[in-house]
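# Analysis of the macromolecular model
Residues per chain, in single letters:
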Amino acid sequence: MSYERFAYVYDYLMQDVPYEGWLEYVNQQAVECSIHGKRILDIACGTGELSLRLVREGYDVTGVDLSSDMLMVAKEKAEAQNLQIQLFQQDMSKLDSLDEYDIITIFCDSLNYLEDESDVEHTFKSVYAHLKQGGLFLFDVHSIFKMSQIFTNQTFTLNDEHVSYIWDCFPGVVPNSVEHELTFFVKDDETGQYERVEELHKQRTYPILMLNEWLLESGFEVVKITADFSGDSPNEQSERIFFACIKK
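All values reported here derive from a predicted model rather than from experimental measurement.

What follows covers helix α7 (residues 208-218). Owing to its 3.6 residues per turn, the α-helix brings residues three or four apart onto one side. Listed as buried for α7 are L211, N212, W214, L215 and S218. Seen from one end, α7 has its buried residues packed into an arc of 165 degrees, which puts them on one side. Summarising the contacts, the buried residues of α7 are in contact with α5 (117-129), β5 (131-142), β10 (220-227) and β11 (240-247). Among the residues trailing α7, G219 stands out with phi positive, at a value near 110 degrees.

Below, the structure is given as structure tokens:
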């Protein structure tokens, strides 16, 4: 599938994703942590939906993603909207030759795509190296509850005129992990035929205490841990965990 088709599917299916919630979270934490600089590194920026919102909010944004196809789409969006953004293809655990930033973000549970504990630790250290002194690191992850109770052994479906899918979730090999088997049926508007696309996504999460320990070992001060955009402390049924950290 060409990147145009993949991006169409991705953005179409992500229409209800709470990008405005992440934008509000960034603004709120920047105020609470007295971050006055506007340089942001948005890691795992995908097709740029949040990155471009941040640009419109007045931030100087650099986006990083592992997928060149996603970055191409983000670039085309920025050009179409006449917005300035720098984009780089890099692995979040091996950031290289980038500047220092006032704020670094990893949202939309992108950190959960790191399947190895050492990759998470390397990512934290890599982020630390690219933050200014006193800079703010914000990220979110799926909770263990969401992985085990909402995803595992579940099937989700969508039957839409343009895009349909069957999404099966199975327990992963390592603890607190899930394998997502997705089968998409994407309509070609010119022929009226449906193209079948299959993908496998693997995600893993970690206990809050373990993530907190790795952050401290990397040199961060963990300012706040909250859940589900509410600003409340996590509980046993929280689905998304947010971390706000400062580079000491």
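Inspection of the entire model under this criterion finds 17 aromatic pairs. With a centroid separation of 5.2 Å and 85 degrees between ring planes, the pair formed by Y128 and F220 is classed as edge-to-face. With Y128 in helix α5 and F220 in strand β10, this pair connects stretches of sequence that are 92 residues apart. Residue Y128 is classed as partly exposed on the basis of its relative accessible area of 22%. On the basis of an interplanar angle of 70 degrees and a centroid distance of 6.1 Å, the ring pair of Y165 and F184 is categorised as edge-to-face. Placement of Y165 in strand β7 (residues 163-171) and of F184 in strand β8 (residues 177-187) is noted, with a sequence separation of 19 residues between them. A residue is classified by how much of its surface remains accessible, and Y165, at 15% relative accessible area, is buried. One aromatic cluster is present, built from ring pairs that chain together Y19, W22, Y25, F107, F229 and F242. The positively charged end of K38 is found above the aromatic ring belonging to Y59, 4.3 Å away from the centroid. The ring of Y128 carries the charged tip of K247 above its face, separated from the ring centre by 4.6 Å.

A few words on the layout of surface pockets. Of the pockets and cavities examined, the second largest pocket occupies roughly 180 Å³. Lining the second largest pocket, in full, are G21, E24, Y25, Q28, Q29, K224, T226, F229, S230, G231 and F242. Elements with a contribution of two residues or more to the lining of the second largest pocket: α2 (19-32) and β10. For the lining of the second largest pocket, the element with the most residues is α2, which contributes five residues. Tallied by class, the residues present in the lining of the second largest pocket amount to three nonpolar, six polar and two charged.

Even without being glycine, S34 reaches a positive phi, approximately 55 degrees. Position of S34 relative to the elements: it lies in the loop between α2 and β1 (39-43). Located in the positive-phi region is D228, a residue other than glycine, with phi close to 55 degrees. Judged by its relative accessible area of 33%, D228 falls in the partly exposed class.

Each value, and the rule that gives it
Residues numbered from 1 in each chain as written. Predicted model: local features only at pLDDT ≥ 70, side-chain atom pairs only at ≥ 80, totals over all residues. Heavy atoms only, no water. Buried < 20%, exposed > 50% of the residue type's maximum accessible area, 1.4 Å probe, protein only. Helix = DSSP H or I, 4+ residues; strand = E, 2+ residues; numbered from the N terminus. Arc of directions from axis to C-beta. Contact = heavy atoms within 4.5 Å. Phe/Tyr/Trp six-rings, centres within 6.5 Å; stacked < 30°, edge-to-face > 60°. Lys NZ or Arg CZ within 6 Å of the ring centre and 35° of its normal. 1 Å grid on protein atoms, 1.4 Å probe; cavity = no way out; pocket = protein on both sides within 12 Å on 5 of 7 lines; lining within 4 Å. Points joined across faces, edges and corners; volume = space filled by probe spheres on them. Nonpolar A, V, L, I, M, F, W, Y, C, P; charged D, E, K, R; others polar.

Remember, this is a structural readout, not a statement about activity or role.
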